[in-house]
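Examining the three-dimensional arrangement
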Amino acid sequence: MKKNLFRKALKYTLILLFLSFGTLLVHIYLVTRVKPPDNNTLIMARIDIKQPIDQEDAAKITNWMYGQKGIDHVLCNTQNGIVIFTFFPITTSGDAIVANFKKSLHYKAERYLPTQEEMSAGCPVAASGTNKLYNYIKKNL
């Protein structure tokens, strides 16, 4: 009797474990697959201004940026001359915004594009202790 009950419990436990693992695999696939941008996709970009700017310039830049099609949010830092903005890639592109920015406002500016090394170092997981566990598992399994 006990042996039969143990086998039944083991059988249902293994079935549940298998189904949970399958669900996890499907979830990971759906979350990590590359999806084309849609109406809700936002991209963040940065413009480095190569000349000193003051608060008046920052207000002018911010107002101009908000007037552009597809811009969602703008932050302008006068101390280091950086403009951070988010935009909808369906309606515009970062390169087009920067080109219009330089043409319209006549600032010495360029779009900042991080290198591949900076992109991998900028991962939030890499900044925490979780990265050590990931590297250990990757190296040993």
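Up top you'll find the structure we're talking about.
The next thing to look at is the pattern of salt bridges. Under the definition given, this model contains 3 salt bridges. A salt bridge links Glu-110 to Lys-50; the shortest N-O distance between them is 3.9 Å. Here Glu-110 is found in strand S4 (residues 109-112), whereas its partner Lys-50 is found in the loop between strand S1 (43-49) and helix H2 (55-66), with 60 residues between them in sequence. With a relative accessible area of 41%, Glu-110 lands in the partly exposed category.

Take the sheet that holds S4 next. One open sheet holds the 4 strands; their spatial order is S2-S3-S1-S4, and the pairing between them is antiparallel. Two strands in the sheet have a free side with no partner beyond their single neighbour: strand S2 (71-77) and S4. The mean inter-strand angle of the sheet, taken between neighbouring strand axes irrespective of direction, is 25°. In this structure, S2 lies alongside strand S3 (residues 82-87), joined through 6 bridges in antiparallel fashion. Across the sheet, the residue bridging to Val-74 is Phe-85, located in S3. Packing of H2 onto the sheet brings it into contact with S1, S2 and S3, and relative to S2 it is tilted by some 170°. The strands touched by helix H3 (residues 94-105) are S1, S2, S3 and S4; relative to S4, the strand with the most contacts, the crossing angle is about 165°.

Once that is clear, we can look at the pairing of S3. Summarising burial for S3: 5 of the 6 residues are buried, a large majority. Note that S1 and S3 share 6 bridges and pair antiparallel. Across the sheet, Arg-46 pairs through a bridge with Ile-84, a residue of S3. Connecting the antiparallel pair S2 and S3 is a turn made up of 4 residues, with Gly-81 showing a positive phi of about 65°.

In a soluble, globular protein the nonpolar side chains are often hidden away together inside. Ranked by internal contacts, the top residues of the largest apolar core, which has 18 residues, are Ile-47, Ile-49, Ile-61, Met-65, Val-83, Phe-85 and Phe-101. Taken together, the elements giving at least two residues each to this core come down to S1, H2, S2, S3 and H3. Looking at this core, the element that brings in the most residues is H3, giving 4 residues. Setting aside chain neighbours within four positions, we find Met-65 in contact with Ile-47, Ile-71, Val-74, Val-83, Phe-85, Ile-97 and Phe-101.

Reading guide: rules and limits
Residues numbered from 1 in each chain as written. Predicted model: local features only at pLDDT ≥ 70, side-chain atom pairs only at ≥ 80, totals over all residues. Heavy atoms only, no water. Salt bridge = Lys/Arg side-chain N within 4 Å of Asp/Glu carboxyl O. Helix = DSSP H or I, 4+ residues; strand = E, 2+ residues; numbered from the N terminus. Buried < 20%, exposed > 50% of the residue type's maximum accessible area, 1.4 Å probe, protein only. Pairing = 2+ DSSP bridges. Axes fitted to C-alpha atoms, helices over the stretch in contact; angles between N-to-C directions. Contact = heavy atoms within 4.5 Å. Core = buried A, V, L, I, M, F, W, Y, C linked by side-chain atoms within 4.5 Å.

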